[in-house]
Amino acid sequence: MQKEEKDTAGVESLMTKVYDPPENFKAQAWVNDDSPYKKADEDFEGFWAEAAEQNVTWFKKWDKVLDDSNPPFFKWFTGGKLNISYNCIDRHLATPRKNKAAIIWESETGATRTITYQEMYYEVCRFANVLKNLGLKKGDIATIYLPMVPELAIAMLACCRIGVIHSVVFAGFSSGALQDRIEDSNSKLLITCDGNFRRGKPLAMKINADEAMKNCPTIENCIVVKYNGMDIQMQDGRDHWWGEIIADAKPECEPEHMDAEDILFILYTSGTTGKPKGVVHTTGGYLTGVALTHKWVFDAKEEDTYWCSADIGWVTGHSYILYGPLANGATSVMYDGSPDYPERNRWWSMVEKYRVNIFYTAPTAIRAFMKWGPQWPEKHDMSSLRLLGTVGEPINPEAWLWYYKHIGGERCPIVDTWWQTETGMIMVTPLPGYTPLKPGSATKAFPGVHVDIFKDEETERPQAKTKGRLAITKPWPAMLRTLYNDDQRYIDTYWSRWGGKAYIAGDGAFFDDDGYLWVPGRIDDVMNVAGHRLSTMELESALVAHEAVAEAAVVGKTDEFKGQIPVAFVILKDGFDPSDELEGDLKKFVRTKIGPIATPAAVRFTRDLPKTRSGKIMRRLLRDLEEGKPPGDVTTLRDPTIVDEISEIVKAHPTGSK
Ligand code: ATP
Ligand code: MG
């Protein structure tokens, strides 16, 4: 028991203050009491059946809510027929949403486009007809390699209209990463653009696509959106301009009646933990999950302007820029560009301009804003905001509090949402009109979601709520169905413990005394220092609480005497410079906050940290560098040059406990 307490020492002091939902928010919220939790506890399948009934329009109702006859290959709403593009578009056309903005788009250069639901209908139908004319049929796979342009949303919805499976590859990926994903999925069509913009500079995309297609014989056609206007090669017979090929296409296209279990999309995970996995999502359960969570977690109302700043190339964008919001008839903002272009107030100027009400972003972005300082959001009237959200990483309490104060004006609840590419939908989250918030905790499982913590050594489902592996103990509608073409890897990765009775998320977590869930990070982000288990996040949280520190990553370096020793990598805030004195200060700071055992063996000041293109820190790589091992695969990194830089810093000052 003593030991468990020590494990959570770093965050304990921050677990005390609770933020209750503001009364005015509570009064108008979709959920403001525990009735959905009760309902889901009393009747699990009934809860999800009601969600499917109320949030999705079915061509034919399902026969069975959950088919669990062949675990871990679960099926939801079997026998049901529906179409997602019909749900995201057609059914709104007979309502006052007909001429409402579905998507408000803005590019880095300031170009804008607003697409109403009616316009979306025509665009999607036309592009669906283009796909049909190229011979694509239900079950074929199209790879989409586009930046955040409206055509990305249109292409995805057109695919689901006719049952083509989409595989979206994030626009920042290299030709090699694109090639791997095309090869793995055997896709027939590639949709891309000439090039993108990044901080005022042109960035090639078609050139990368050409490189990849050289080695991908399955690609029969390539459709190219004209975006940044750069010169590119078009291959006769294979390559078609979007603008030309869509010109004569009919603006009507009957939606395919899809089976609830037909595949909707494949999406490769970001690759923090190794070779990307082709996560497979299907139709009926996925839409039910994302529509209900979008409505309740973001308390989405008809008149809201909703902005999720993620990229559609990640699952967050699939579920919470496109499918969830459009299924609910929302207005979703889509921005293609950097948060600091032309200035560091770009996002806040857009919040003011579009009177954004709900804003959803990642902790890594919030920490960058903290580093830049509050003067940027202070330039703008952001009083339209009423709810904030985060996803993608644990949010350290300091960043939470900064977000709460400087972006939310101490008025907006923050929903810290834990979920994964694999889960498809938000799994652990506050419901903002009901759940009291604790900065840094994702709080409680969504109604109808069952989360528990398992210890490594346990072979059966344990009762104990201690620190261990985060597991999901009942199937959920938006769950992944398998890994593409690799059922065995699906079983091995997610279902190989505890007799296959639970889904293992790969994250470490614990419940506090109030039953709040804390997810400090991946299971391999836990260090063992002289017999004490410390999570890297506890140290990182302590470090970023120091006035000089913008962002920190901590890894456990193998050590002959202590097992592991903590080593910290730190990015300083603007206005602070590295020095031996500051290093000493930071070590002392951690020692005082957590205890002597946590004192970093070294603090390394660095310009940046190795991050994936979705902004997550690759701690595994830092550990390899610290231990003098070759860093392995760095292709999913946003800025691979940082690896050499950090390697030099490490070599200059080796560490060890003796
Ligand atoms: P890969 O699986 O290829 O390593 P990835 O896990 O980074 O990639 P995602 O599915 O985008 O790809 O990320 C899900 C992970 O992000 C979770 O497993 C968890 O580690 C982290 N995460 C997401 N949201 C939260 C949150 N609110 N709190 C803590 N961690 C979070
Ligand atoms: Mg993962």
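You'll find the structure just up there.
Small disclaimer: the values here were computed from a predicted structure and weren't measured.

1. Things to note about the sheet that holds strand β24 (residues 503-511)
1) Next: Pairing is antiparallel in the open sheet, where four strands are placed in the order β21-β22-β24-β25. A single partner strand is all that each edge strand has here, and the edge strands are β21 (451-454) and β25 (517-522). Taking the axes of each pair of neighbouring strands and ignoring which way they run, one obtains an average angle of 50 degrees across the sheet.
2) Next: Note that strand β22 (residues 468-472) and β24 share four bridges and pair antiparallel. Among the inter-strand pairings, Ala471 is bridged to a residue of β24, identified as Ile504.

2. Things to note about the environment of Pro96
1) Next: Relative to the helices and strands, Pro96 resides in the loop between α6 (84-88) and β4 (101-107).
2) Next: Judged by relative accessible area, which is 84%, Pro96 ranks as exposed.
3) Next: Note: C-alpha distance between Pro96 and Leu637 (541 residues apart in sequence) is 44 Å.

3. Some words on the pattern of salt bridges
1) Next: Here the structure, examined in full by the defined rule, presents 42 salt bridges.
2) Next: The partner of Glu302 in a salt bridge is Arg97, and the shortest N-O contact between them spans 2.8 Å. Separated by 205 residues along the polypeptide, Glu302 in the loop between α12 (284-297) and β16 (305-308) and Arg97 in the loop between α6 and β4 bring together distant segments of the chain.
3) Next: A salt bridge links Arg126 to Glu123, with the nearest nitrogen and oxygen atoms 3.6 Å apart. Separated by three residues within a single helix, Arg126 and Glu123 lie in helix α7 (residues 117-133), roughly one turn from each other.
4) Next: Taken together, the salt bridges that share partners define one network made up of Arg113, Glu123, Arg126 and Glu151.

4. Describing the pairing of strand β27 (residues 532-535)
1) Next: Looking at chain direction, strand β26 (residues 526-529) and β27 are connected through four bridges and run antiparallel. The residue of β27 that forms the bridge with Val529 is His532.
2) Next: In this structure, the hairpin formed by β26 and β27 is closed by a connection of two residues, where Ala530 is found at a positive phi of approximately 45 degrees.

5. What to know about the state of the cysteines
1) Next: Tallied over the full model, the rule gives zero disulfides.
2) Next: Between Cys125, a cysteine without a disulfide, and Cys253, which holds the nearest cysteine sulfur, the sulfur-to-sulfur distance is 5.6 Å.
3) Next: With no disulfide of its own, Cys216 has Cys222 as its nearest cysteine by sulfur position, at a separation of 11 Å.

6. Regarding a negative patch on the surface
1) Next: Negative charge collects at one region of the surface, where Asp41, Glu42, Asp43, Glu45 and Asp68 lie side by side.
2) Next: Within the secondary structure layout, Glu42 lies in helix α4 (residues 35-42).
3) Next: Owing to a relative accessible area of 66%, Glu42 belongs among the exposed residues under this scheme.

7. Observations concerning the nonpolar core
1) Next: Ranked by size, the top nonpolar core spans 143 residues in total, and within it Trp48, Met120, Phe127, Leu157, Phe298 and Tyr323 carry the most contacts.
2) Next: Counting 32 residues, the second largest nonpolar core, distinct from the first, contains Tyr335, Trp348, Met370 and Ile395.

8. A closer look at the environment of Ser187
1) Next: Locating Ser187 in the fold gives a position in the loop between α9 (175-185) and β8 (189-193).
2) Next: Judged by relative accessible area, which is 0%, Ser187 ranks as buried.
3) Next: Along the primary structure Ser187 and Ser167 are separated by 20 residues, whereas in three dimensions their C-alpha atoms are 8.4 Å apart.
4) Next: Residues in contact with Ser187, not counting those within four places in the same chain, are Ile141, Ala142, Thr143, Ile182, Thr218 and Ile219.

9. Observations concerning the pairing of strand β30 (residues 602-605)
1) Next: Side chains of β30 alternate between two faces, with Ala602 and Arg604 and Val603 and Phe605 buried alike.
2) Next: With respect to chirality, the unit in which strand β29 (residues 563-572) leads through helix α20 (residues 580-593) into the neighbouring parallel β30 is right-handed.

Definitions and cut-offs
Residues numbered from 1 in each chain as written. Chains lettered and ligands numbered in written order. Predicted model: local features only at pLDDT ≥ 70, side-chain atom pairs only at ≥ 80, totals over all residues. Heavy atoms only, no water. Pairing = 2+ DSSP bridges. Helix = DSSP H or I, 4+ residues; strand = E, 2+ residues; numbered from the N terminus. Axes fitted to C-alpha atoms, helices over the stretch in contact; angles between N-to-C directions. Buried < 20%, exposed > 50% of the residue type's maximum accessible area, 1.4 Å probe, protein only. Salt bridge = Lys/Arg side-chain N within 4 Å of Asp/Glu carboxyl O. Disulfide = S-S within 2.5 Å. Patch = residues over 30% accessible without salt bridge, like charges linked within 9 Å, V, L, I, M, F, W, Y side chains within 5 Å. Areas by Shrake-Rupley, 256 points an atom, 1.4 Å probe, with all protein chains shown as cover. Lys, Arg positive; Asp, Glu negative; His and termini not counted. Charge placed at Lys NZ, Arg CZ, Asp CG, Glu CD. Core = buried A, V, L, I, M, F, W, Y, C linked by side-chain atoms within 4.5 Å. Contact = heavy atoms within 4.5 Å. Right-handed = clockwise from strand over helix to strand, strands pointing away.

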